[in-house]
Amino acid sequence: MNTFKKIYCRCFQVAFRMVLPVLPYRNPEVHDKISDIPALLKKENLSNPLIITDQTLSSIGATNTLQNILTENGIGYALFDGAFPNPTTALARQASSFYQEKKCDGLIAFGGGSPMDLAKAVGVLLARPGKPLERFAGILKVRRKLPVLIAIPTTAGTGSETTLAAVLIDGNTRHKFAINDFPLIPKYAVLDPSTIHTLPSHIAASTGLDALTHAVEAYIGRSTMKQTRADAENAVKLIFENFDAAVNHENTDAESAMLKASHYAGRAFTRSYVGYIHAVSHSLSGKYDLPHGWTNAVLLPLILKRYGAAVHHKLAQLALVAGMGETSDTEADLAGKFIAAIEEKNQRYNIPDYIDAVKPEDIPLLASYADKEANPLYPVPVLWNAKELEEIYREVSRSL
């Protein structure tokens with residue numbers, strides 16, 4: 001990256017970091033039981049919420065408990081189960097029309113990041129009728145109150161139940177973009193471990209590594225604050241203590257801990273932002289319709305190694321938090337142990353170190369998308385331009 005662009009990026013990031021303490025961030029009110037939802041709806045004077053989920057969860061009856069509880073408490077609802085991985089702008093318009101057709105008055109997102117992203121996008125369309133979602137890509141462009149949103153994560157990974165972001169795909173270009181604004185933060189988050197108890201282990205592993213990616217990128221960036229560092233450290237500690245037991249569904253305490261870890265990681269990155277792992281991951285998952293958590297898991301150790309000495313100090317701190325090594329170890333050694341531990345988890349749960357879907361001819365466009373997303377917004381440890389980012393795609397696709 002040339003000197004002028006580096007100066008511009010760092011000045012932008014410093015200015016943004018200076019205003020962070022006065023921006024209207026908020027945390028959702030957290031509950032740990034789905035049975036709390038009727039009382040929340042009544043508190044908000046809502047009588048007909050729209051439940052947004054996906055076909056898989058709906059077909060296996062995952063939403064039955066929620067639906068039965070609402071019915072038993074005399075609360076009507078409508079169900080939209082058309083969410084799919086990497087939701088598109090067209091799907092959001094369809095769900096928004098369904099909300100209006102059913103005369104709904106609130107939103108319940110039940111699922112992983114995709115139903116939550118979709119619910120947030122529906123909220124934006126309702127708050128800003130007649131405006132295309134692409135218009136709100138970037139930061140602080142919505143600026144309208146959304147319908148009340150209750151988020152129920154069914155994976156311990158995205159942390160979307162506490163973030164201000166909705167990530168969508170332009171159905172025509174397959175370009176993935178994010179809408180970031182404070183009204184998108186859900187009002188309530190329900191972290192009920194029963195929702196993740198039947199999650200297949202390979203999905204639980206990749207989504208758990210997604211949460212780890214959120215925590216790590218928030219921590220190694222240059223816009224951290226005392227609270228976001230504490231949230232990221234809490235997330236990392238909980239993940240390394242509970243990952244295997246939660247992935248293998250050995251006990252509900254571990255599953256509850258992973259939901260909390262994902263929530264802490266979400267709190268950290270919604271304030272301190274992410275980095276090139278997410279920028280590259282978004283372009284890949286959008287273009288090739290790959291699971292976002294899985295692409296993050298593949299990219300996490302690769303990009304941490306590429307950052308090199310610039311992240312050794314912070315990774316060493318995370319290694320100690322996770323119980324690796326001794327304080328007498330060098331920072332480089334501790335950072336190496338931390339990255340090796342991530343690689344070991346990837347190997348144990350059959351997450352590869354490459355992505356064979358990547359086509360060499362797509363790399364320049366993908367890199368330009370990542371460059372546009374990350375620079376100047378993401379306070380990354382090392383700045384790379386589109387040409388430098390192309391090297392990451394070549395490495396992960398083994399087309400060097």
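Everything below is about the structure printed above this text.
Read on for an overview of the structure.

What counts, and at which threshold
Residues numbered from 1 in each chain as written. Predicted model: local features only at pLDDT ≥ 70, side-chain atom pairs only at ≥ 80, totals over all residues. Heavy atoms only, no water. Phe/Tyr/Trp six-rings, centres within 6.5 Å; stacked < 30°, edge-to-face > 60°. Helix = DSSP H or I, 4+ residues; strand = E, 2+ residues; numbered from the N terminus. Buried < 20%, exposed > 50% of the residue type's maximum accessible area, 1.4 Å probe, protein only. Pairing = 2+ DSSP bridges. Axes fitted to C-alpha atoms, helices over the stretch in contact; angles between N-to-C directions. Contact = heavy atoms within 4.5 Å.

A few points about the packing of aromatic side chains
Then comes step 1: Considering all chains together, one arrives at ten aromatic pairs under this definition.
Then comes step 2: When the ring of Phe 12 is compared with that of Phe 16, the centres are 6.4 Å apart and the planes differ by 5°; the resulting orientation is stacked. Of this pair, Phe 12 and Phe 16 both sit in helix H1 (residues 3-19), four residues apart, which is roughly one turn of the helix.
Then comes step 3: Ring geometry for Phe 243 and Tyr 349: centres 5.8 Å apart, planes at 65°, overall edge-to-face. With a gap of 106 residues between them, Phe 243 in helix H8 (residues 226-247) and Tyr 349 in the loop between helix H13 (331-348) and helix H14 (363-374) connect regions that are remote in the sequence. In this pair, the class of Phe 243 matches that of Tyr 349, namely buried.

A few points about the sheet that holds strand E8 (residues 176-180)
Then comes step 1: With respect to topology, three strands assemble into an open sheet ordered E5-E8-E7, the strand pairing being mixed. Each edge of the open sheet carries a strand with a single partner, namely strand E5 (138-139) and strand E7 (165-169).
Then comes step 2: Looking at chain direction, E5 and E8 are connected through two bridges and run parallel. For Gly 138, the partnering residue across the bridge sits in E8 and is Ile 179.

Description of the sheet that holds strand E3 (residues 78-83)
Then comes step 1: Spatially, six strands are ordered E1-E9-E6-E4-E2-E3 in an open sheet, and the strand pairing comes out parallel. Because the sheet does not close on itself, it has two edges, and the strands there are strand E1 (29-31) and E3. Neighbour to neighbour, the strand axes of the sheet diverge by 20° on average, direction disregarded.
Then comes step 2: Sheet analysis places strand E2 (residues 50-54) next to E3, joined by four bridges and oriented parallel. Its bridge partner lying in E3, Asp 54 is registered against Ala 83.
Then comes step 3: Where helix H5 (residues 89-101) meets the sheet, it contacts E2, E3 and strand E4 (107-111), and its direction lies at approximately 170° from that of E3.

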